[in-house]
Amino acid sequence: MNGMQTYLLVALVAFFISLLFCFILIPILRRLKAGQNILVYVKEHKDKGGTPTMGGLAFVTAAVLAAILFTKKADRTFVITLAIGLAYMAVGLIDDFLKRKHKENLGLRAWQKFAFQTAIAVAAGFYCIRADLTKLYVPFFCVTFELGVWILPLSVFVFLATVNAVNLTDGLDGLASGVSVPFFGALGIIISLQAGNVAMPTLCFALVGALLAYLLFNAPPASVFMGDTGSLALGGFAACIGVFTGNALFIAIVGLPFVFSVISVLIQVIYYKVTGGKRVFLMAPVHHHFQEKGYSESKISYAYFVISLIAGIACIASML
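Overview of the structure. This structure is a prediction, so every number in the text was calculated from the model and none was measured. Per chain, residues are indexed from 1 in the order of the written sequence. Per-residue local features of the predicted model are confined to residues with pLDDT of at least 70, and side-chain atom pairs are confined, for both listing and counting, to 80 or more; whole-chain, interface and lining totals are unaffected and use all residues. Note that water and hydrogens are dropped before the side-chain values are worked out from all heavy atoms of the structure.

A few words on the environment of I267. The topology assignment puts I267 in helix α10 (residues 256-275). Throughout this description, buried means an accessible area under 20% of the type-specific maximum (1.4 Å probe, protein chains only), exposed means over 50%, and partly exposed covers the range between. Note on I267: relative accessible area 37%, which makes it partly exposed. Considering only alpha carbons, one finds I267 and A239, 28 residues apart in sequence, at a separation of 23 Å. Here a residue-residue contact requires only that any non-hydrogen atoms of the pair lie within 4.5 Å. Here I267 is in contact with V280 and F281, once residues within four sequence places are set aside. Going along the chain from the N terminus, every DSSP run of H or I of four or more residues is numbered as a helix, and every run of E of two or more is numbered as a strand.

Bringing helix α2 (residues 56-70) into the picture now. One less than the number of residues in a helix, times 1.5 Å, gives the span that helix is expected to have. When the terminal C-alpha atoms of α2 are compared, their 21 Å separation across 15 residues agrees well with the 21 Å that a helix rising 1.5 Å per residue should span. Three or more residues of α2 are buried, namely G56, A58, F59, V60, A62, A63, V64, A66, A67 and F70.

As a further point, take helix α6 (residues 175-194). Helix length check: α6 (20 residues) gives 29 Å between terminal C-alpha atoms against 28 Å at 1.5 Å per residue, within 8%. Across the 20 residues that make up α6, a large majority, 16, are buried. In the stretch just after α6, A195 is the one whose phi turns positive, near 65 degrees.

This paragraph deals with the nonpolar core. Here, nonpolar core refers to any group of buried Ala, Val, Leu, Ile, Met, Phe, Trp, Tyr and Cys residues whose side-chain atoms link them within 4.5 Å. Ranked by size, the top nonpolar core spans 92 residues in total, and within it F159, F184, F237 and F244 carry the most contacts. If you tally residues by element for this core, the top one is helix α7 (residues 199-218), at 14 residues. Sequence-distant contacts of F184, that is, excluding residues within four places in its chain, are made with C204, L207, V208, L211, L234, F237, A238 and I241.

Turning our attention to the pattern of salt bridges. Throughout this description, the term salt bridge denotes a Lys or Arg side-chain nitrogen within 4 Å of a carboxyl oxygen of Asp or Glu. One pass over the structure, following the stated rule, counts five salt bridges. Put simply, D95 and K99 hold a salt bridge, and the shortest N to O gap is 3.3 Å. One end of the pair is D95 and the other is K99, both in helix α3 (residues 76-102) and four residues apart, which spans about a single turn. Side by side, D95 and K99 carry an identical accessibility label, which is buried. By relative accessible area, which is 13% here, K99 ends up buried.

With that settled, the discussion passes to the state of the cysteines. By definition, a disulfide is the covalent link that joins the sulfur atoms of two cysteine residues. Two cysteine sulfurs form a disulfide in these notes if their separation is within 2.5 Å. Taken as a whole and assessed by the stated rule, the structure comprises zero disulfides. The thiol of C204 is not disulfide-bonded; the next cysteine sulfur, from C240, is found 11 Å away. Judged by relative accessible area, C204 falls into the buried class, the value being 0%. Left without a disulfide partner, C315 is nearest to the cysteine sulfur of C142, which lies 11 Å away.

All quantities given are derived from atomic positions and should not be read as evidence of function.
Given below as structure tokens:
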């Protein structure tokens, strides 16, 4: 069995495991009344209150199990990647649990989230130095730089930016999950084209398969949300895969919709403070701006999916 056959098979297995886990988990979440508390200022979401959250448990677990099943030689970097992704999932799970417990959309405090995320990011950066994973590939130019100890600050920045970007993008039904499918698919193909690494593409395609199954339940109108449990895990996996393989810059290109979310929030906050209350967007992140303009969640999610898909294809084509 060649590499691509393995990747397609792991995606298929992850799909069915995720499908099974979603069928099992959603009724449990409903019985536990683990519903999402909706922000009152997002008026379009007023009917979504009570929709089960923490759905990330299903697809993350499915992807990890499938990746382990199809990885015959699990090196240390692969194991560390799984550990970091699950660590971010744990942070998100605690946050979601506290939101449910307090019956409001407030879980961990901002500084607590930031502290947990930073600690994991710093640990990942030190691992890069210790494991000599200090190269950075520049997309489209086929140039590789040796960063040495500078991989530490870059790693911390990439982890924090990616994890929070995915978290911010998870604001509409099928948005973050829909963008993540072409994102991880493209990363998997890019890494496989670079050769020498089999485990990371396997994980990428396991995530693709698991997310495709989850999308059956998360597409508008969603019957379950991934919650911070899922979004932080996806961001953690994305950062690990990008940084550990030297492809951190691909995250910003293939994940353009994630970048849109972060940049729009930064612009909105800075402009608001500088102008004393004026806004650039009707609401940030920018997907809510489009929603306020009258675009449906389905149309916005599909547009974001296409942007990520085209960006991924462009990156892959540049390597052929």
